[in-house]
Amino acid sequence: MSEESEESVPLLPLQQESMASALFNTDQNDNSERRRHDNSERRRNDNAESETNGQPQSNVQQVVEQDEEEDEELTLKYGAKHVIMLFVPVTLCMVVVVATIKSVSFYTRKDGQLIYTPFTEETETVGQRALNSILNAAIMISVIIVMTILLVVLYKYRCYKVIHGWLIISSLLLLFFFSFIYLGEVFKTYNVAMDYITVALMIWNFGVVGMICIHWKGPLRLQQAYLIMISALMALVFIKYLPEWTAWLILAVISVYDLIAVLCPKGPLRMLVETAQERNETLFPALIYSSTMIWLVNMAEEDPEAQRKSKNSTYDKKAPANRTQNEDADADDGGFSQEWQQQRDNRIGPIESTPESRAAVQALPSNSQTSEDPEERGVKLGLGDFIFYSVLVGKASATASGDWNTTLACFVAILIGLCLTLLLLAIFKKALPALPISITFGLVFYFATDNLVQPFMDQLAFHQFYI
Amino acid sequence: MTLAVFFGCTFIAFGPAFSLFIFTIARDPLRIIILIAGAFFWLVSLLLSSLIWFIAVKASNPQDEQLQKGLLIFGVMFSVLLQEAFRFLYYKLLRKAIEGLVALSEDGCSPISIQQMAYVAGVGFGLMSGAFSMINLLADSLGPGTVGIHGDSQLYFLTSAFMTMVLIFLHTFWGILFFHGCEHRRWWEIAAVVIMHLTVSGLSFCNPLYVGSLVPSYLLMVGAAAWAYLLSGGSAQNLRRFLLCLRSGASPQPGS
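Here the residue numbering is sequential within each chain, running from 1 through the sequence in written order. Going through the entries in the order they are written, you letter the chains from A and number the ligands from 1. Owing to the predicted nature of the model, reporting of local features is limited to residues with pLDDT of at least 70; listing and counting of side-chain atom pairs is limited to 80 or more, with chain, interface and lining totals taken over all residues. Just so you know, side-chain values use all the structure's heavy atoms and leave hydrogens and water out.

**Q** Explain the overall build of chain A to me, please; I cannot follow it from the model alone.
**A** Secondary structure follows DSSP: runs of H or I at least 4 residues long count as helices, runs of E at least 2 residues long count as strands, and numbering of each begins at the N terminus. The number of helices and strands found in chain A is 18 helices and 2 strands. Per-residue accessibility, obtained with a 1.4 Å probe over protein chains only, is compared with the maximum for each type, and a residue is labelled buried under 20%, exposed over 50%, and partly exposed between these values. Expressed as a percentage of the 467 residues in chain A, the buried residues total 60%. Considering only intrachain contacts with a sequence separation of at least 6, the fraction spanning at least 24 residues in chain A is 81%. All accessibility values rest on the Shrake-Rupley procedure with a 1.4 Å probe; residue burial counts only the protein chains present in the view. Surface exposure of chain A reaches about 17500 Å², of which carbon and sulfur atoms provide 64%. Here a residue-residue contact requires only that any non-hydrogen atoms of the pair lie within 4.5 Å.

**Q** How should the UniProt feature "transmembrane region" (unreviewed entry) in chain A be read in this particular structure?
**A** Residue and element names in this part refer to chain A. The positions UniProt marks with the feature "transmembrane region" (unreviewed entry) are residues 83-101, 134-155, 162-184, 196-214, 226-242, 248-264, 408-428 and 434-453. Here residues 248-264 is 94% helix and 0% strand, with 24 Å between the C-alpha atoms at its ends. End-to-end, the C-alpha atoms of residues 408-428 are 30 Å apart, and along that stretch the chain is 100% helix and 0% strand. UniProt positions are given in the numbering used here, feature names are shortened, and annotations may be inferred rather than shown by experiment.

**Q** Please explain the layout of surface pockets as it appears in this structure.
**A** Put simply, the largest pocket is a space of about 1400 Å³. A cavity here means a set of points on a 1 Å grid, drawn over the protein atoms and nothing else, where a 1.4 Å probe fits but cannot get out; a pocket is an open set with protein on both sides within 12 Å along at least five of seven lines, and a residue lines either one if it has an atom within 4 Å of a point. As for the largest pocket, its lining consists of 36 residues, and the residues nearest its centre are V95, L408 and F411 of chain A together with F18 and I135 of chain B. Listed by contribution, the elements that provide at least two residues to the lining of the largest pocket are α4 (68-103) and α17 (404-428) of chain A together with α1 (3-25), α2 (29-58) and α4 (114-142) of chain B. Among the elements that take part in the lining of the largest pocket, α4 of chain A stands out by supplying 10 residues, more than any other. Under the convention adopted here, Pro, Cys and the residues Ala, Val, Leu, Ile, Met, Phe, Trp and Tyr are nonpolar, Asp, Glu, Lys and Arg are charged, and Gly plus all remaining residues are polar. Of the residues contributing to the lining of the largest pocket, the split by class is 30 nonpolar, 4 polar and 2 charged. Grid points are joined across faces, edges and corners, and a volume is the space filled by probe spheres set on the points.

**Q** Honestly, the UniProt feature "transmembrane region" (unreviewed entry) in chain B in this entry has me stumped. Any pointers?
**A** Residue and element names in this part refer to chain B. UniProt feature "transmembrane region" (unreviewed entry): in the numbering of this structure it lies at residues 6-25, 32-56, 71-90, 117-135, 155-180, 187-205 and 211-231. From the first C-alpha to the last, residues 32-56 spans 36 Å; its make-up is 100% helix and 0% strand. Across residues 117-135 one finds 100% helix and 0% strand; the C-alpha atoms that close the span lie 26 Å apart.

**Q** Looking at this model, I keep getting lost on the packing of aromatic side chains. Mind explaining?
**A** For any pair of aromatic rings, the description rests on two quantities: the centre-to-centre distance and the angle between the ring planes. Pairing of aromatic rings covers Phe, Tyr and Trp, the last through its six-membered ring, and needs centres within 6.5 Å; plane angles under 30 degrees mean stacked, over 60 mean edge-to-face, and all others mean tilted. If you walk through the whole model with that rule in mind, you get 28 aromatic pairs over all chains. For the pair F465 of chain A and F205 of chain B, a centre-to-centre distance of 4.5 Å together with 65 degrees between the ring planes defines the contact as edge-to-face. Remark: F205 of chain B occurs in the loop between α6 (187-203) and α7 (210-231) and F465 of chain A occurs in the segment after α18 (435-463); the pair is interchain, linking two chains. Judged by relative accessible area, which is 22%, F205 of chain B ranks as partly exposed. Distance and angle both matter: a charge sits over a ring if NZ of Lys or CZ of Arg is within 6 Å of the ring centre and within 35 degrees of the ring normal. In this structure, K240 of chain A is placed above the aromatic ring of F106 of chain A, and the distance from its NZ or CZ to the ring centre is 3.9 Å. Directly above the ring of Y155 of chain A sits R279 of chain A, whose terminal nitrogen or CZ lies 5.0 Å from the centroid.

**Q** Whenever I open this one, the interface of chain B and chain A confuses me. Can you help?
**A** Accessible area lost during the coming together of the parts is what is often quoted as the interface size. Facing 50 residues of chain B, the contacting portion of chain A comprises 41 residues. Summed over both partners, the accessible area (1.4 Å probe) lost when two parts come together is defined as the buried area. A combined buried area of about 3900 Å² lies between chain B and chain A, and 78% of that area is made up of carbon and sulfur atoms. When residues of chain B are sorted by the area they lose upon contact with chain A, F40, L104 and F132 of chain B head the list and together hold 16% of the total. Salt bridges are defined as contacts in which a side-chain nitrogen from Lys or Arg sits within 4 Å of a carboxyl oxygen from Asp or Glu. Here chain B is connected to chain A by 0 salt bridges.

**Q** Even after reading the chapter, I still don't get helix α5 (residues 156-183) of chain B, so can you show me in this structure?
**A** Quick reminder: α-helices carry 3.6 residues per turn. Residues three or four places apart thus point the same way. If you check α5 of chain B, its first and last C-alpha atoms are 40 Å apart, about what 28 residues at 1.5 Å a residue would give, namely 40 Å. Most of α5 of chain B sits out of view: 24 of its 28 residues are buried. Any helix carries an expected span of 1.5 Å times its number of residues minus one.

Okay, here's the thing in structure tokens:
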């Protein structure tokens, strides 16, 4: 990749990046909400399904109350497993990002900035630098807010084609263009001679398989791997193009925004979710990481083997929309529609079930299957979470004087934040954002470790004292 | 300094701990969470103790070598005390967690016992402590350089690795001892753990006279291991049956 094109790189894909980041944000929020409910709702499904087939939803509530105790033990049992199911991909993403940052110098080299952060940080005074970074962060956040609102508006006015086109373009960009750049830089770092034909073949295969896996069907592990890879690529782009103070500020402000957007009644994401609920359809599951496969509803056979064989994975961006048209009306990934119902019930109280929702419930796998396979209840985490966690850890490893200590501290802090968030979910059983706690812990530990712990550990290592 | 040094030191320092992790902790999600939470608690204690040290250093004269060293020693001691305090806090937290697990379980018993939690918490503390001591050293050992070229000890990396290993083990055993002491209200066990920790850290002040720091630490570790083993229900008989691969009545199988 020549130098000129490196500079032009920021311009073209920026639209996609910001949209993608907005998307990741929204989706992450949506899906964190959905994820919140995934755990609770799926457990309720376990107990509710035997009663709800064909019956009004109100019975569900009472049954659920009685089973609350068992639910919560199941929650904890599921909770621990689900936490680990999220720990592993988050860890993998961070490992990829840190490994890349440490070895490929391209991502720590300053090659300009995004157009969304126009103010430079190479200023004479600290005050000027602070001001510039605040302005940069403000611009970036406004871009994200605008994108989110645009998304909500598009969704409200049912411009599904536009949204799906947008998502397809984003993932095309990530899978082909950014991975091409990444591959090129890796080859440069290790001084590997490579011809264009081979590279073209490799990137083509990588990209096409990625598009198929993410947007349509594919083996679960491959899908998960692709999602981790594109999150890592996106995080690397942010790490490269965001100047230091701007990056930290953006992380902080995004957590606050996440908190507001998910919890405030007038938040765009909440409105998005509620609109989707009213229409009783899934939110475009764009860019969600799912830890298990979702039952395809038309495959709800009695035979668990058949079901297990015919499992399919979650996050097809366009696929659910298409599937809803092509197959049964409720051919949702069973979890989604049930979720929305439960969510609605939680928020608005028990309402009489519409034929649609009843059909959706009936079409779910029967109780026996679900109780036999509690492990199949998975968790979903929005890719935006992956990206911002990785940005934090990547920036820590790139710029910290404490280096590995700081990276490790941020890593542990983020994992603990994730754990706490899931715990809060289990306790409060309502939509909670995934970013604030982890990013707060991460930021606190980054600055504390870098400035306080590192000198201490340095001195200890120098004298070879042990604590 | 080469890959050989890097891998050698990594496996010396972290080999046993990783094996413990893989064989006893990695299978159970709850234990992994307890491990990471333990690491977090240790980290917080380190943070607070470095804050205190930092304030003390900034408030003092940077030119005075003796004072700085004295402050460092004070920092080490304070950090040890704070680590043990946080171990106690973690014990409290885990107790609450067990009560929660018991209250919510169907058959009235928690999926994990306090002894297992004690062990995992100890490993968590140990791993984090070892990682923070060792990781930057390992990263440096990959790069170019000559150890001890200015007259310092040439065994720096090796001894650091051994010290880290012994500390990880010690933290594991201290976890078991400490939690047992808290459970059964035996304050002398807790005091013993604190004193042992202070001793081991104090012995490290002898470095680079490694015979003064490593050998006693290993002896203390053996003592702590035996004590923890006895407290966890082990006995000479158990050990014998384990080593001879006997199971009660069954055909010879590796005892667990």
